[in-house]
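These are the residues of each chain, in order.
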Amino acid sequence: MSESNKSPIRKRPRVAVVKFASCDGCQLSILNLEDDLLALGAAIDIAYFPEASSDMQAGPYDIAFVEGSITCPEDLPRVLELRQQTTTLITIGACATSGGIQALRNWSDIEAFKRAVYPNPEYIQSLSTSTPISEHVTVDYELWGCPIDKQQLLGVLTDLLQGVKPHIPRHSVCLDCKRQGHVCVLVAKGLPCLGPVTRTGCGAICPSMGRDCYGCFGPAEHDSARPPGVPPNTASLAQQFHQHLQLIPVEMVRRFRGINGSVQPFQEESHAWESK
Amino acid sequence: MSSGSVQTLPLQLFLREDFPQLLQTLKQLGYQTLGPVLSQGAIQWKAITTPEDFPIDWKDQQEPGSYRLEPDPSPRYFNIVHGPESLKPLTFAPRETLLVLDHQNNTFSAKDIQPDTTPTAILGVRACDLAGLGIQDQIFLHGTYPDPYYQQRRENLFLIAVNCTRAHATCFCASMETGPKAQQGFDLSLTEADEDFLIEAGSVKGLKVLDQLTSSIASEERIKEDEERIGACAASQTRSLPKANLPAALYEAHDHPRWDHVAARCLSCTNCTMVCPTCFCHGVEETPSLDFQQSEHTRVWDSCFTPDHGYIHGKNFRPTTKDRYRMWLTHKLAAWIDQFGTSGCVGCGRCIAWCPVGIDLTEEVQALSQPPL
Amino acid sequence: MTLNPYLIHPATIVERKQESTDIVTFRLQLTDPALQESFRFEAGQFNMLYVFGVGEVAISIVSDPDEPGFLDHTIRIVGRVTQILGHMQIGESVGVRGPFGQGWPMKEAKGKDVLIVTGGLGCAPVVGAIEYIFQRRGEYGAMTILHGVKTPHDLLYRERYDAWRHQPNTKVLLTSDEPGKTWHSHVGVVTELFDDLELEPDNTLVMMCGPEIMMRVACNVLTHQGLRPDSMYVSLERHMECGIGLCGHCQLGPFFLCKDGPVMRLDRVMPFMGKVGV
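Residues numbered from 1 in each chain as written. Chains lettered and ligands numbered in written order. Predicted model: local features only at pLDDT ≥ 70, side-chain atom pairs only at ≥ 80, totals over all residues.

### Quick notes on the overall build of chain B
Step number 1: Looking only at helices and strands, chain B has 13 helices and 16 strands in total.
Step number 2: The C-alpha radius of gyration computed for chain B amounts to 22 Å, which stays within 12% of the reference 21 Å derived for 373 residues, consistent with globular compactness.
Step number 3: Its C-alpha atoms give chain B principal-axis dimensions of about 65 × 65 × 35 Å.
Step number 4: In chain B, buried positions account for 51% of the 373 residues.
Step number 5: Residue pairs in contact within chain B that sit at least 24 positions apart in sequence constitute 72% of those at least 6 positions apart. (Helix = DSSP H or I, 4+ residues; strand = E, 2+ residues; numbered from the N terminus. Rg over C-alpha atoms; globule rule 2.2 N^0.38 Å. Buried ≥ 20, exposed ≤ 12 C-beta atoms within 10 Å, placed from the backbone. Contact = placed C-beta atoms within 7 Å.)

The structure is reproduced here in structure tokens:
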């Protein structure tokens, strides 16, 4: 679907749901589409989805939803093979899209972890970093979130079924938070909410519960499958956290080094505060 | 719809102990009543059924980037000036399905969805909010294409204003000449004191309600006293927006270095546009069912701070935060005057208080009016 | 709701012409006979065209306003909606809302010489005006049509330009920024074509369509040649969601291009045209 002039998909597309290093939560989000599962089954041909069915058919696939990050040597040939077998490759979730929470290892010594956890660390084959799928193969679309939003996934599917380029909004969480009528938790409660610099898509779940957003949908306007928008102004927000909410540098590092800590805008902000 | 020129009764005094009469009368006349109710650390428009629903014992403190509720011993119902919501969400819904389209035999049919039109009384409307509503009326009702969804909601409103006797650090309605006293557009207006209210009707509908209440003619002294309290509220406002030379000054400031300065702070997060009583940008979302037999055509609030607002096939006319902030401020304070004959700002100060980093448009305008250093 | 400007009316594709790989012209007929009867538009106005389940897009009407029973639209496949629209076939249904906006000044142009300047790929909005004049050739003075493209490959409607060239009292000049083997016309930017024109500034009306920066430069050059800004008109483009001046996206300075435009008189819009970030 990377070309713009492709005519609509008329047949049921063959869909694969593939997993790398991840917790399976995003795949579960697909299975949680309870009301729509029957219609979904009629609209698409689920050819490969081990989490849901033991009938695992080989490629090629029209659409592949990819969960998880690249953390082991054997992941590399597997993701290349998948790319070759797939027309439209869509990453689902923070792990596949940004490296995920396990990318915190990128700041640490993986060998030390292995020694601490396993009695025989020499048998553990693990890369020193956790990296997003887009660092290894071309990704057509990205669905962010930990986990993804199932309605957003449905929207992408209905677009693809019609032959339309999916439009995945990338403005800040705040717009949808206010559309839903939530009071700003940053302004009214002084919580260090990352909503202003975080990409929309979750439905403003945390603010709707009176909690501050912790950025699980990644940086606003950031997308490795599309030309970038305005990099989110993390520096200005962090300054506000520091001066008015009295967050100290180490708290700021933790704030930005979370589920999407290895994505450039968040990574740079955490680095900036690490040296303060 | 409200109109401000039907005052036939002299100002009346309405006792606090009789306040429940107002709620009962509105109910008898078939209105659902919304008022300021404590919610999520602020106030929001929610159903009011008894006087206990009001946020008595609380007041708000607003500063750039900060809104806090504090305990307050005052017995008043309307001690909290305002929350993040103006009247906007009640007339111009944040999310509203306009049409449902059904696919049938190689074609389709479109059906419009009627908005909820329960007659609604709103208790505690501030002068700035009435001014904002007046501006939105002009946009949605008085153009070439009146918006039927807005119109139906608007026609069912009964507006009870409360004149402000307390201003925040963020308020500047006096300089915009929209407050602190509600001038027009209300059905009833109240000025609250500890023991009683001055009450006045602004429309025939309002008069009808006022007739049902136990009230007496207010003394000259009392009226003067309230005028003074309102005047003191105006005088206490520290912020202001210079009106002089405004459309031209901002158009001419297009290349002013101050835009870079504000862009370094601005988050492009859209909060200022969401809380603004007059911002009207919206987009349309299309949501088909999975079997493509039905599709919903839904209007949602949009903002000039999103990456898609200025985008048209391959080109973004406003790619940077600087472009977006300049678009917002120039539109609000300059282009608006050319478009609608009035400023798009009513001086409510919400964009200052609810900006996560406390950007203050009055300060920006001040800086932009100075020649670049 | 009696008058709902958001209501979408179904129409059938009755003719389809593939102009190039990514440009198609459709002839639409509204399904509702009463609406078919009452629908009127002016040259240069646009409709919001709707694709079921996908959304709407603003597209100018290029057919003759005196035959309002049919609505011709030329579509370039560039975005979400046109991606599907561009592949639709005769007999399929699209939605129509309109007509909206201010069209070309066909009345003001009467009796005058008309200079048409277009650039780039999108000259569709002005095709309706050109055809309008040729349908009423005697009512207008000399016609000059200038069209600039980036490369010879970008020239569309080649046969249309050839046909227009054969109209009485009409001059058609083409130019390409870059040369090409089969390109026999001028090479250079479109403003270079102005040098050879013998314009009567007081009796000429200009209609322009193309990239904003090209129009800005062209308007400057023409102003220096004595043309008055109030006799020059430009067709401008911005993102539009509603078409009725309410959604706020199409603003250019004080204008809503969907209701004050898309055709704007130059003297009104000049201060805002081609400005960065506006």
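Still to come is the rest of the account.
### Notes on the overall build of chain A
Step number 1: Broken down by element type, chain A carries 12 helices and 5 strands.
Step number 2: Radius of gyration (C-alpha) of chain A: 19 Å, near the 19 Å computed for a compact globule of 276 residues.
Step number 3: With the C-alpha coordinates of chain A rotated into their principal frame, the extents come out at 55 × 55 × 35 Å.
Step number 4: Long-range contacts, defined as pairs at least 24 residues apart, comprise 73% of the intrachain contacts of chain A with a sequence gap of at least 6.

### Describing the interface of chain A and chain B
Step number 1: Contacts between the two partners involve 31 residues from chain A, matched on the other side by 35 residues from chain B.
Step number 2: Counting only elements with at least two residues in the side of chain A that touches chain B, the list comes to helix 2 (37–43), helix 7 (173–179), helix 8 (185–189) and helix 10 (234–244) of chain A.
Step number 3: Each residue belonging to the side of chain A that touches chain B can be placed in one class, and the counts come to 14 nonpolar, 11 polar and 6 charged. (Nonpolar A, V, L, I, M, F, W, Y, C, P; charged D, E, K, R; others polar.)

### Remarks on the interface of chain B and chain C
Step number 1: In this assembly, 42 residues from chain B lie in contact with 35 residues from chain C.
Step number 2: The set of elements that each furnish at least two residues to the side of chain B that touches chain C consists of strand 6 (95–104), strand 7 (107–112), helix 3 (127–140), strand 13 (282–288), strand 15 (311–312) and helix 11 (321–340) of chain B.
Step number 3: Examining the composition of the side of chain B that touches chain C, we find that 7 residues originate from one element, helix 11 of chain B, more than from any other.
Step number 4: Tallied by class, residues from the side of chain B that touches chain C come to 18 nonpolar, 16 polar and 8 charged.

### Digging into the environment of G143 of chain B
Step number 1: Residue position: G143 of chain B is located in the loop between helix 3 and helix 4 (148–155).
Step number 2: In the structure, G143 of chain B is positioned 197 residues away from F340 of chain B in sequence and 9.6 Å away in space, judged by C-alpha atoms.

### Comments concerning the domain arrangement of chain B
Residues and elements named next belong to chain B.
Step number 1: The domain architecture assigned to chain B consists of domain 1 (12–235) and domain 2 (246–369).
Step number 2: Centre-to-centre, using C-alpha coordinates, domain 1 lies 25 Å away from domain 2.
Step number 3: Facing 39 residues of domain 1, the contacting portion of domain 2 comprises 33 residues.
Step number 4: Within the residue set of the side of domain 1 that touches domain 2, elements represented by two or more residues are strand 4 (58–63), strand 5 (66–71), strand 6, helix 3 and helix 5 (173–176).
Step number 5: Split into classes, the residues belonging to the side of domain 1 that touches domain 2 amount to 18 nonpolar, 15 polar and 6 charged. (Domains from an automatic or database assignment.)

### Remarks on unusual backbone geometry
Residue and element names in this part refer to chain A.
Step number 1: Residues G59 and P60 are joined by a peptide bond in cis, for which omega reads 5°.
Step number 2: Among the secondary structure elements, P60 is positioned in the loop between strand 2 (45–48) and strand 3 (61–67).
Step number 3: Going from C146 to P147, the amide bond is cis rather than trans, its omega being 0°.
Step number 4: Tracing the sequence through the fold places P147 in the loop between strand 5 (141–143) and helix 6 (150–162).
Step number 5: Unlike most non-glycine residues, Q246 shows phi in positive territory, near 60°.
Step number 6: Position of Q246 relative to the elements: it lies in the loop between helix 10 and helix 11 (249–256).

### Structural notes on helix 7 (residues 220–235) of chain B
Step number 1: Compared with an ideal rise of 1.5 Å per residue, which puts 16 residues at 22 Å, helix 7 of chain B spans 22 Å between its outermost C-alpha atoms and is within 8% of the ideal.
Step number 2: Contacts made by the buried residues of helix 7 of chain B are with strand 10 (188–192) and strand 11 (196–201) of chain B. (Expected span 1.5 Å × (residues − 1).)

### What to know about the packing of helix 9 (residues 258–265) of chain B against helix 11 of chain B
Residues and elements named next belong to chain B.
Step number 1: Taken N-terminus to C-terminus, the directions of helix 9 and helix 11 make an angle of 105°; their axes are 9 Å apart at the nearest point. One way to sum up the angle between helix 9 and helix 11 is to call them roughly perpendicular. Facing helix 9, whose interface residues are W259, D260, V262 and A263, helix 11 presents T321, K322, Y325 and R326.
Step number 2: Grouping the constituent residues of the contact of helix 9 with helix 11 by class yields 4 nonpolar, 1 polar and 3 charged. (Axes fitted to C-alpha atoms, helices over the stretch in contact; angles between N-to-C directions. Parallel < 35°, antiparallel > 145°, perpendicular 65-115°, else oblique.)

### Remarks on the sheet that holds strand 4 (residues 55–60) of chain C
Residues and elements named next belong to chain C.
Step number 1: Taking strand neighbours across the sheet as the criterion, the 6 strands line up as 4-3-6-1-2-5 in an open arrangement whose pairing is antiparallel. Edge strands, defined here as strands with exactly one partner in the open sheet, are strand 4 and strand 5 (71–76). Across the sheet, the mean angle from the axis of one strand to that of its neighbour is 40°, orientation sign disregarded.
Step number 2: As judged from the 6 bridges shared by strand 3 (residues 46–51) and strand 4, these two strands associate in the antiparallel manner. The partner of L49 across the bridge, within strand 4, is V57. (Pairing = 2+ DSSP bridges.)

### A look at the sheet that holds strand 7 of chain B
All names here are of chain B.
Step number 1: If you trace the 4 strands from one edge of the open sheet to the other, you get 7-6-14-13, paired in antiparallel fashion. Looking at the sheet topology across the chains shown, the edges are occupied by strand 7 and strand 13. Sheet twist, expressed as the mean angle between neighbouring strand axes with direction ignored, is 25°.
Step number 2: Across 7 bridges, the pairing between strand 13 and strand 14 (residues 294–301) is antiparallel.

### Focus: the pairing of strand 8 (residues 143–149) of chain C
Residue and element names in this part refer to chain C.
Step number 1: Burial of strand 8 is extensive: 7 of the 7 residues sit out of reach of the surface.
Step number 2: Burial along strand 8 is two-sided: the face carrying M143, I145, H147 and V149 and the face carrying T144, L146 and G148 are both buried.
Step number 3: By the bridge criterion, 6 bridges tie strand 7 (residues 113–119) to strand 8 in an arrangement that is parallel. In the strand pairing of strand 8, V114 is matched with M143.
Step number 4: Both strand 8 and strand 9 (residues 170–176) contribute to a ladder of 7 bridges, which runs parallel. Opposite G148, over in strand 9, you have T175 as the bridge partner.
Step number 5: The handedness of the strand 8 to strand 9 crossover, carried by helix 5 (residues 158–165), is right-handed. (Right-handed = clockwise from strand over helix to strand, strands pointing away.)

### Examining the domain arrangement of chain A
Accessible area lost when the parts come together is the quantity often used to give the size of an interface.
Residues and elements named next belong to chain A.
Step number 1: When its domains are assigned, chain A resolves into domain 1 (14–162) and domain 2 (173–274).
Step number 2: On a C-alpha basis, the centres of domain 1 and domain 2 stand 24 Å from each other.
Step number 3: Contacts between domain 1 and domain 2 engage 19 residues on the former and 16 residues on the latter.
Step number 4: If you list the elements that add at least two residues to the side of domain 1 that touches domain 2, you get helix 4 (94–98) and strand 5.
Step number 5: Looking at the side of domain 1 that touches domain 2, the element that brings in the most residues is helix 4, giving 3 residues.
Step number 6: Taken together, the residues of the side of domain 1 that touches domain 2 break down into 8 nonpolar, 8 polar and 3 charged.

### Digging into the pairing of strand 5 of chain B
Side chains on a regular strand alternate between the two faces of the sheet.
All names here are of chain B.
Step number 1: Looking at chain direction, strand 4 and strand 5 are connected through 6 bridges and run antiparallel. From the neighbouring strand, K59 faces strand 5, where its bridge partner is E70.
Step number 2: Between strand 4 and strand 5, which pair antiparallel in sequence order, lie 2 residues; one of them, G65, sits at a positive phi of approximately 75°.

### Side note on the packing of helix 10 of chain A against helix 11 of chain A
Residues and elements named next belong to chain A.
Step number 1: Where helix 10 contacts helix 11, the axes come no closer than 10 Å and their chain directions differ by 140°. In terms of orientation, helix 10 and helix 11 fall into the oblique class. Here the hand of the crossing between helix 10 and helix 11 comes out right-handed. The residues of helix 11 that touch helix 10, namely those facing T234, A238, F241 and H242, are M252, R255 and F256.
Step number 2: A class-by-class count of the residues in the contact of helix 10 with helix 11 yields 4 nonpolar, 2 polar and 1 charged. (Left-handed = near helix turned anticlockwise from the far one by under 90°.)

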